[in-house]
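Report on the structure
These are the residues of each chain, in order.
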Amino acid sequence: MSAPRLRRLAADYESVRTEFSGHPHVHVEPLGPHRPPEAYRVVFRVRGLRLNGNQPEPVDEHHVEIRLPLGYPREKPLCTPLTPLFHPNVRDYYCIQDHWAAGQSLVDTIAKIADMIQFRVYNPASPLDALAARWASQNANLFPLGNVTLGTPEVQITIGGRAAPPAALPAAAPVVMPTPAAWPSAELSEVHEPESEASDDVLLVSLRRDG
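The sections below set out a description of the structure shown in this document.

In this section: the sheet that holds strand β5 (residues 62–67). One open sheet accounts for four strands, arranged β1-β2-β5-β6; its pairing is antiparallel. With partners counted over all chains shown, the strands left at the sheet margins are β1 (26–30) and β6 (78–81), one partner each. Across the sheet, the axes of successive neighbouring strands diverge by a mean angle of 20 degrees, strand direction being ignored. Direction of pairing for β5 relative to β6: antiparallel, over a ladder of four bridges. Each residue of the ladder has a partner; that of Glu 65, found in β6, is Thr 80. Taken strand by strand, helix α1 (residues 3–20) contacts β1 and β2 (39–44), and its axis lies near 150 degrees from that of β1.

Written out as structure tokens, the structure is:
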């Protein structure tokens, strides 16, 4: 393993432990015997959707495996859903291309996945799941599903040459969810899946509520 890659993996490992140790909405478990690890299992306790027949229903726990490939950090992490998620940009993997660059930390990647699960970030125009994209376009008034923000940067204000303490960010307004029975159904018969998976190249950030 190259020295730069080892340093990056070690920095990610320490930052993840610092940021998410004891966190109420995220549990991060390193995989494999080596430290720093090259893979993690992450449990998100945030509001998302899964498909039950043709009925989207809320679910509040989601498991994701994140693997850091040999080309990391030049190559993006591989983020695989281990539990079902109904989302335009998630199928066999999370489409994170536009949310990741070599300078982004693993903490940033985990925060973006949490945003995707909550429909704080989605792009129905470039879907991996055509059914979810159609449904999301027709029901955009329901989003975002949650108001949990992870990895919020500190805000510093310099006064008279000295940095003031980080300013507190206002809490996001609560989102009132309809009961499962009130969710519009997703008509499977009306949607044709694309012949090939969409590219990662165009993932749009929308409906963010960052405080």
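Buried residues of helix α3 (residues 130–138): Ala 130, Leu 131, Ala 132, Ala 133, Trp 135 and Ala 136, and no others. Of the surrounding elements, those touching the buried residues of α3 are β3 (48–52) and β4 (55–59).

The residue Asp 129 is located in the loop between α2 (106–117) and α3 in this model. Here Asp 129 sits buried without a salt bridge, and the closest side chain of opposite charge, Arg 91, lies 5.4 Å off (N-O distance). Of note is the side chain of Asp 129, whose polar atom sits 3.1 Å from the backbone nitrogen of Leu 131.

This paragraph deals with the pattern of salt bridges. Following the criterion strictly, the structure yields eight salt bridges and no others. Residue Arg 5 is joined to Glu 38 by a salt bridge in which the shortest nitrogen-to-oxygen separation is 2.3 Å. Note that Arg 5 is positioned in helix α1 and Glu 38 in the loop between β1 and β2, a separation of 33 residues in sequence. Under the relative-accessibility criterion, Arg 5 is labelled buried at 7%. Taking the relative accessible area as the measure of exposure, Glu 38 reaches 29% and is therefore partly exposed. Residues Asp 12 and Arg 8 are paired through a salt bridge, measuring 3.2 Å at the closest nitrogen-oxygen approach. With Asp 12 and Arg 8 both in helix α1 and four residues apart, the pair spans about one turn of that helix. Note on Arg 8: relative accessible area 15%, which makes it buried.

On to the nonpolar core, then. It is characteristic of soluble globular proteins that their nonpolar side chains tend to be buried jointly. Of all hydrophobic cores here, the largest spans 31 residues; its most connected members are Phe 44, Ile 66, Tyr 94, Ile 110 and Leu 150. Counting only elements with at least two residues in this core, the list comes to α1, β1, β2, β5 and α2. For this core, the leading source of residues is α2, giving eight residues. In contact with Leu 150, not counting residues within four places along its chain, are Phe 20, His 23, Val 26, Phe 44, Ile 110, Ala 111 and Ala 114. The next biggest cluster of nonpolar side chains, apart from the first, holds twelve residues, and it includes Phe 86, Phe 143, Leu 145 and Ala 186.

Two quantities define a packed helix pair, namely the angle between the axes and the distance from one axis to the other. Two numbers describe how α1 lies on α2: the axes approach to 8 Å, and their chain directions differ by 50 degrees. Taken together, the axes of α1 and α2 lie oblique to each other. Every residue of α2 that contacts α1 at Asp 12, Ser 15, Val 16, Glu 19 and Phe 20 is listed here: Leu 106, Val 107 and Ile 110. Looking at the contact of α1 with α2 residue by residue, the class counts come to five nonpolar, one polar and two charged.

For the pair Glu 38 and Pro 69, spaced 31 residues apart in sequence, the C-alpha to C-alpha distance is 7.6 Å. A polar atom in the side chain of Glu 38 sits 2.3 Å from the side chain of Arg 5.

Reading guide: rules and limits
Residues numbered from 1 in each chain as written. Predicted model: local features only at pLDDT ≥ 70, side-chain atom pairs only at ≥ 80, totals over all residues. Heavy atoms only, no water. Pairing = 2+ DSSP bridges. Helix = DSSP H or I, 4+ residues; strand = E, 2+ residues; numbered from the N terminus. Axes fitted to C-alpha atoms, helices over the stretch in contact; angles between N-to-C directions. Contact = heavy atoms within 4.5 Å. Buried < 20%, exposed > 50% of the residue type's maximum accessible area, 1.4 Å probe, protein only. Lys, Arg positive; Asp, Glu negative; His and termini not counted. Salt bridge = Lys/Arg side-chain N within 4 Å of Asp/Glu carboxyl O. Polar contact = N/O pair within 3.5 Å; in protein donor to acceptor, adjacent residues only side chain to side chain. Core = buried A, V, L, I, M, F, W, Y, C linked by side-chain atoms within 4.5 Å. Parallel < 35°, antiparallel > 145°, perpendicular 65-115°, else oblique. Nonpolar A, V, L, I, M, F, W, Y, C, P; charged D, E, K, R; others polar.

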